Amino acid sequence: MTVQITIRNVPDEVRNKLAEGAARRRQSMQAFLLDELERVAARSNNEMVFERVHARLAATNSRVDAETIVNAIKADRK
């Protein structure tokens, strides 16, 4: 199910910048704004994942240093 969203009192400068972004992508304003809203919503989910990771790290007090990570990546590439 989809819903309609209305945003009032958008300053001209903001509207113009959004219109420029839509034009650069060769999209309608509606398509451009929907893409941006989906991107923001996805970022919120990513932030929640990072919060859980940080909470788990704090609870276990475990850390992996950068060198160990780089070595693991290099080993996977072989």
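Procedures and definitions
Residues numbered from 1 in each chain as written. Predicted model: local features only at pLDDT ≥ 70, side-chain atom pairs only at ≥ 80, totals over all residues. Heavy atoms only, no water. Helix = DSSP H or I, 4+ residues; strand = E, 2+ residues; numbered from the N terminus. Rg over C-alpha atoms; globule rule 2.2 N^0.38 Å. Buried < 20%, exposed > 50% of the residue type's maximum accessible area, 1.4 Å probe, protein only. Areas by Shrake-Rupley, 256 points an atom, 1.4 Å probe, with all protein chains shown as cover. Lys, Arg positive; Asp, Glu negative; His and termini not counted. Charge placed at Lys NZ, Arg CZ, Asp CG, Glu CD. Expected span 1.5 Å × (residues − 1). Axes fitted to C-alpha atoms, helices over the stretch in contact; angles between N-to-C directions. Parallel < 35°, antiparallel > 145°, perpendicular 65-115°, else oblique. Contact = heavy atoms within 4.5 Å. Nonpolar A, V, L, I, M, F, W, Y, C, P; charged D, E, K, R; others polar. Salt bridge = Lys/Arg side-chain N within 4 Å of Asp/Glu carboxyl O.

Attention now moves to the overall build of the protein chain. Looking only at helices and strands, one finds three helices and zero strands in the protein chain. For the protein chain, the α and β elements follow one another from N to C terminus as α-α-α. Since a compact globule built from 78 residues should have a radius of gyration of about 12 Å, the 21 Å found for the protein chain marks it as more spread out than a globular shape. Burial status across the protein chain gives 5% buried among its 78 residues. Here the protein chain has roughly 7,600 Å² of accessible surface; of this, 54% comes from carbon and sulfur atoms. Where the 14 positive side-chain charges of the protein chain centre and where its 11 negative ones centre are 3 Å apart.

Attention now goes to helix 1 (residues 12–24). For helix 1, spanning 13 residues, the distance from its first C-alpha to its last is 18 Å, which sits close to the expected 18 Å at 1.5 Å a residue. At the C-terminal side of helix 1, Arg26 shows a positive phi close to 55°.

Let us now look at helix 2 (residues 29–60). Here helix 2 is 32 residues long and its end C-alpha atoms lie 47 Å apart, about the 46 Å a rise of 1.5 Å per residue gives. Immediately beyond the C-terminal end of helix 2, within one or two residues, lies Asn61, with a positive phi of roughly 55°.

For the pair helix 1 and helix 2, the least separation of the axes is 9 Å and the interaxial angle reads 95°. Judged by the angle between their axes, helix 1 and helix 2 are roughly perpendicular. Residues Arg15, Leu18, Ala19, Gly21 and Ala22 of helix 1 form the contact with helix 2, whose participating residues are Met29, Phe32 and Leu33. For the contact of helix 1 with helix 2, the per-class residue count stands at six nonpolar, one polar and one charged.

Applying the stated criterion across every chain yields a total of four salt bridges. As a salt-bridge pair, Glu36 and Arg25 come within 2.6 Å of each other at their nearest N and O atoms. Of the two residues, Glu36 is situated in helix 2 and Arg25 in the loop between helix 1 and helix 2; the sequence distance between them amounts to eleven residues. The exposure class of Arg25 is partly exposed, given its relative accessible area of 43%. The partner of Arg43 in a salt bridge is Glu47, with the nearest N and O atoms 3.9 Å apart. Linking Arg43 with Glu47, this pair stays in helix 2, spanning four residues, or about one helical turn. Judged by its relative accessible area of 42%, Arg43 falls in the partly exposed class. Taken together, the shared-partner salt bridges in this structure form one network comprising Arg25, Glu36 and Arg39.

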